[in-house]
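Observations on chain architecture
Each chain is listed here by its residues.
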Amino acid sequence: MQKQLLGGLTALALAINVANAQEAKSIKMGTVAGPETEVMQVAARIAKDEYNLDVEIIEFTDYVTPNAALADGSLDANAYQHAPYLETMNSDRGYDLVAAGYTFVYPIGAYSEKYESLDELPNGAQIALPNDPTNEGRSLILMHNEGLITLNDPENLEATPIDIAENPRDFRFREIEAAQLPRILPDVDMAFINNTFAQPAGLNLDDALVREGAESPYVNLIAVRSGDEEREEIQQLVDAYQRDEVIEKAEELFQGGAVPGWTE
């Protein structure tokens, strides 16, 4: 009888431990402050409702710190970057980060408060570029495709102004942290601004002098440390993110400037 009682208590304790483990299930997710965080909040609510997964969202204001925090274990995942940027960070900083799922394509565009078309740009115009890896090249490739400059290698995703072979209109380039580009827009003739920062600043992609199309290969992703991509909590978050409710929130916030990257 005593053995049966002990056995029953052990089974009860195990059941309580399992229940507590389920209740305690949580992950830390890094996002860039602004509308992308609001989109992630929708996914977090779905994850809580369907999987009892608590998603703690930690906001950042730059493109470098979220990967450093993920690599050192301060985060379980982040969602703010595309694959070319992640590959560059892995190579340059020795990280071992991988994609666990996809989010949206946020097209980059060139904006101006002084001119309404590329043809109006004067010789010697000052062009502001994001100074982070790949997004700078992304901007220069757009300029190359528009015939404004000629790059030595138009497929080089890490191109910088030193890789310009021909600059017939003598454009001058300023390399600026991406988050600061909307603020300096009045001080330059044109600035390439990722929609992550353009939309909160009141800039509409429809007003861009040039922009990427929906076919852009720069789909953003949910990044994790290598080996965590199959972790249950991560897969639950990815599933919660790739929902119609999340698409609807992104459409509300970005007004056509966010294209789902997990659908055909």
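The notes below deal with the structure included here. Bear in mind that the values here come from a model prediction, so they are computed numbers and not experimental data.

Quick look at the sheet that holds strand β13 (residues 259-260) now. Taken in spatial order, the six strands line up as β2-β1-β3-β12-β4-β13 in an open sheet, and their pairing is mixed. A single partner strand is all that each edge strand has here, and the edge strands are β2 (54-60) and β13. Where strand β3 (residues 77-82) and strand β12 (residues 219-225) come together, four bridges link them in antiparallel fashion. Residue pairing for β12: asparagine 78 is matched across the bridge by alanine 223. Sheet strands touched by helix α4 (residues 83-93): β3, β4 (97-105) and β12. Its angle to β3, the strand with the most contacts, is close to 110°.

Size it by volume and the largest pocket reaches roughly 160 Å³. In terms of lining residues, the largest pocket is bounded by Val32, Ala33, Phe60, Thr61, Ala179, Gln180, Pro182, Arg183, Phe197 and Ala201. Across the lining of the largest pocket, the residue classes tally to seven nonpolar, two polar and one charged.

Moving on: the pattern of salt bridges. According to the stated counting rule, one finds 10 salt bridges in the structure shown. When salt bridges that share partners are traced, they join Glu50, Asp239 and Arg243 into one network.

Turning our eyes to something else, we now look at the environment of alanine 69. With respect to the helices, strands and loops of the structure, alanine 69 is situated in helix α3 (residues 65-71). Alanine 69 has contacts with Phe60, Ser74 and Leu75, leaving out every residue within four places of it along the chain.

A word on helix α2 (residues 35-51). With 17 residues, α2 should reach 24 Å at 1.5 Å per residue; the first-to-last C-alpha distance of 24 Å fits that figure. Turning to α2, its buried residues number three or more, namely Pro35, Glu36, Thr37, Val39, Met40, Val42, Ala43, Ala44, Ile46 and Ala47. Following α2 by one or two positions, asparagine 52 has its phi on the positive side, about 55°.

Rules of the game
Residues numbered from 1 in each chain as written. Predicted model: local features only at pLDDT ≥ 70, side-chain atom pairs only at ≥ 80, totals over all residues. Heavy atoms only, no water. Pairing = 2+ DSSP bridges. Helix = DSSP H or I, 4+ residues; strand = E, 2+ residues; numbered from the N terminus. Contact = heavy atoms within 4.5 Å. Axes fitted to C-alpha atoms, helices over the stretch in contact; angles between N-to-C directions. 1 Å grid on protein atoms, 1.4 Å probe; cavity = no way out; pocket = protein on both sides within 12 Å on 5 of 7 lines; lining within 4 Å. Points joined across faces, edges and corners; volume = space filled by probe spheres on them. Nonpolar A, V, L, I, M, F, W, Y, C, P; charged D, E, K, R; others polar. Salt bridge = Lys/Arg side-chain N within 4 Å of Asp/Glu carboxyl O. Expected span 1.5 Å × (residues − 1). Buried < 20%, exposed > 50% of the residue type's maximum accessible area, 1.4 Å probe, protein only.

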